[in-house]
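# Reading the structure
Listed below are the residues making up each chain.
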Amino acid sequence: MKEYACGDVVPGCGASFRVSSEEELLAVCTVHAQHDHGLTEPQMSDDLISRIRAVIRSVA
Ligand SMILES: [Zn+2]
């Protein structure tokens, strides 16, 4: 499982996600960013994706 706390990238955001793969996590994060952070692009930027990848944790 992969776990990501959005607050690690977006200070103040309390959302966290736990899904089975990094690809799925990025897909979930994209939807979250569109709904809660005003992302208007269909995809997150490479910069944002790399910042998210840096804080993704592997959990059992
Ligand atoms: Zn968030």
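Heads up: these notes are all about the structure in this document. (Residues numbered from 1 in each chain as written. Predicted model: local features only at pLDDT ≥ 70, side-chain atom pairs only at ≥ 80, totals over all residues. Heavy atoms only, no water.)

## Looking at the sheet that holds strand β2 (residues 16–19)
The condition is simple: For two strands to pair, DSSP has to find at least two bridges joining them. Counting from the N terminus, the helices are the DSSP runs of H or I reaching at least four residues and the strands are the DSSP runs of E reaching at least two. Whether two residues touch is decided by their heavy atoms; if any such pair falls within 4.5 Å, the residues are in contact. Throughout, an axis means a line fitted to C-alpha atoms (over the contacting stretch in the case of helices), and angles, computed between N-to-C directions, take values from 0 to 180 degrees.
Spatially, the three strands line up as an open sheet ordered β2-β1-β3, and their pairing is antiparallel. Each edge of the sheet is formed by a strand with only one pairing partner; in this case those strands are β2 and β3 (57–58). Direction of pairing for strand β1 (residues 2–5) relative to β2: antiparallel, over a ladder of four bridges. Across the sheet, E3 pairs through a bridge with R18, a residue of β2. Those strands touched by helix α1 (residues 22–36) are β1 and β2, and its axis lies near 150 degrees from that of β2.

## Points about the coordination of the zinc ion
Stated formally: Shown as donors are all N, O and S atoms within 2.8 Å of a metal ion, widened to 3.2 Å for Na, K and Ca; because water is not in the atom set, sites may appear incomplete. Metal sites are grouped by the angles between bound donors: all angles between 85 and 135 degrees with four donors is tetrahedral, opposite donors over 155 degrees apart with the others between 65 and 115 is square planar for four donors and octahedral for six, and any other pattern is irregular. Think of it in three bands: residues with accessible area under 20% of the maximum for their type are buried, residues over 50% are exposed, and the middle band is partly exposed, with areas taken using a 1.4 Å probe on protein chains only.
Around the zinc ion, the protein contributes the donor atoms C6 (SG), C13 (SG), H32 (NE2) and H37 (NE2), at 2.0 to 2.3 Å from the metal centre. What the four donor atoms of the zinc ion show is an angle range of 102 to 112 degrees at the metal, which sorts the shape as tetrahedral. In terms of primary sequence, the donors binding the zinc ion are separated according to C-x6-C-x18-H-x4-H. You'll find C6 and C13 in the same group, each marked buried.

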